[in-house]
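Residues per chain, in single letters:
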Amino acid sequence: MLEKDNKRRGRPRVFDMDTALDKVLEVFWKRGYEGASIAELTETLGINKPSLYAAFGNKEELFKKALSRYVAGPVAFIQEAINQPTAYEVAQSFLIQAAEFFTDIKHPKGCLIVQAALSESADSLMVKDLLTQYRYSYEHQLAKRFEKAKKEGDLPTDANAETLAKFLSTLHQGMSVQVTSGASKRELMQIVEFALKSWPR
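Thresholds applied
Residues numbered from 1 in each chain as written. Predicted model: local features only at pLDDT ≥ 70, side-chain atom pairs only at ≥ 80, totals over all residues. Heavy atoms only, no water. Helix = DSSP H or I, 4+ residues; strand = E, 2+ residues; numbered from the N terminus. Buried < 20%, exposed > 50% of the residue type's maximum accessible area, 1.4 Å probe, protein only. Contact = heavy atoms within 4.5 Å. Areas by Shrake-Rupley, 256 points an atom, 1.4 Å probe, with all protein chains shown as cover. Core = buried A, V, L, I, M, F, W, Y, C linked by side-chain atoms within 4.5 Å. Expected span 1.5 Å × (residues − 1). Bend = angle between axes of the 7 residues up to and from the residue. Salt bridge = Lys/Arg side-chain N within 4 Å of Asp/Glu carboxyl O. 1 Å grid on protein atoms, 1.4 Å probe; cavity = no way out; pocket = protein on both sides within 12 Å on 5 of 7 lines; lining within 4 Å. Points joined across faces, edges and corners; volume = space filled by probe spheres on them. Nonpolar A, V, L, I, M, F, W, Y, C, P; charged D, E, K, R; others polar. Phe/Tyr/Trp six-rings, centres within 6.5 Å; stacked < 30°, edge-to-face > 60°. Lys NZ or Arg CZ within 6 Å of the ring centre and 35° of its normal.

**Remarks on the overall build of the protein**
- A count of helical and extended segments in the protein gives 11 helices and 0 strands.
- Helices and strands in the protein line up, N terminus first, as α-α-α-α-α-α-α-α-α-α-α.
- Counting only residues that meet the buried cut, the protein has 41% of its 201 residues in that class.
- Across the protein, contacts joining residues at least 24 apart in sequence account for 71% of those joining residues at least 6 apart.
- Looking at the protein as shown, the accessible area adds up to about 11,300 Å², and 51% of this sits on carbon and sulfur atoms.

Structure representation (structure tokens):
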């Protein structure tokens, strides 16, 4: 009897947590928070609703976990861009990598954070606030980086670090919307080229 109990307790989980999060991440990426139904999420994972809730909590908690995985993985290039040696290279790397990322056929088009924000409703205030926090976070990091560039003489002293950060953020979000409406990588790169010509040197 004891041997049977040990075997029962020692059984592996029916799914791998990391693999499961990758799967639900793609659903949220395609559908947005509101568009991703519990039925589709459970079908994607091959589990029932009680098992989903037992493993991840409710839908909001599942989305938060998927979003954290997205930020740490697919869009880790943002931190890489912020660490570039000059302000111009920060902007260049940020925009070029975004254009390449948004049009990569290996995953859904556009940015999860942007797309999910466009589809959320008044009933999902937590999600709205969470996505806003993520957007403000990388804007703040960019502004902080540009303030450093001003002190180092890499940007003009009259350059507005917050405006420059908002400029890049707006382009980033706009390109995400454009690509989901059919814009090509070539078209996005033309936008990037035009934007970089106006960058203060």
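**Digging into the nonpolar core**
- In this structure, Phe28, Phe63, Tyr70, Leu95, Leu112, Leu142 and Phe146 are the most contacted members of the largest nonpolar core, which totals 63 residues.
- A per-element tally of this core places helix 7 (residues 87-102) first, with 9 residues.
- Ignoring anything within four residues of it in the chain, the contact list for Phe63 reads Phe28, Tyr33, Leu112, Ala116, Val127, Leu130 and Leu131.

**Let's talk about helix 2 (residues 17-35)**
- With 19 residues, helix 2 should reach 27 Å at 1.5 Å per residue; the first-to-last C-alpha distance of 22 Å falls well below that figure.
- Most pronounced at Trp29, the bend in helix 2 amounts to some 75°.
- Every buried residue of helix 2 is listed here: Ala20, Leu21, Val24, Leu25, Val27, Phe28, Trp29, Gly32 and Tyr33.

**Considering the pattern of salt bridges**
- Inspection of every chain in the model, using the stated rule, returns 7 salt bridges.
- Asp22 serves as the salt-bridge partner of Arg69, at 2.6 Å between the closest nitrogen and oxygen. Of this pair, Arg69 sits in helix 5 (residues 59-72) while Asp22 sits in helix 2, and the two are 47 residues apart along the sequence.
- Residue Arg69 is classed as partly exposed on the basis of its relative accessible area of 27%.
- You can call Asp22 partly exposed: its relative accessible area is 38%.
- Note that Arg31 is salt-bridged to Glu40, the shortest N-O span being 3.1 Å.
- Classification of Arg31 as partly exposed rests on a relative accessible area of 43%.
- Of the residues examined, Glu40 reaches a relative accessible area of 23% and is grouped as partly exposed.

**Let's talk about the environment of Pro156**
- Looking at where Pro156 falls in the secondary structure, it is placed in the loop between helix 9 (125-151) and helix 10 (161-180).
- The spacing of Pro156 and Arg201 is 45 residues in sequence and 7.2 Å in space, taken between C-alpha atoms.
- With sequence-adjacent residues up to four places away left out, Pro156 is seen in contact with Lys150, Pro200 and Arg201.

**Comments concerning the layout of surface pockets**
- Estimated volume of the largest pocket: approximately 250 Å³.
- Those elements giving two or more residues to the lining of the largest pocket turn out to be helix 6 (77-82), helix 8 (112-119) and helix 9.
- Taken together, the residues of the lining of the largest pocket break down into 9 nonpolar, 4 polar and 1 charged.

**Overview of the packing of aromatic side chains**
- Within this structure, the stated rule accounts for 10 aromatic pairs.
- Taking the centre distance of 5.0 Å and the plane angle of 85° together, the rings of Phe28 and Phe63 count as edge-to-face. You can see Phe28 sitting in helix 2 and its partner Phe63 sitting in helix 5, a full 35 residues away along the chain.
- Among the residues examined, Phe28 registers a relative accessible area of 0% and is labelled buried.
- Members of the aromatic cluster, connected to one another through ring pairs, are Trp29, Tyr70, Phe77, Phe101 and Phe102.
- Its end group placed over the ring of Tyr33, Lys59 keeps NZ or CZ at 4.6 Å from the ring centre.
- In this structure, Arg201 packs its charged tip against the face of Tyr88, placed 3.8 Å from the ring centre.

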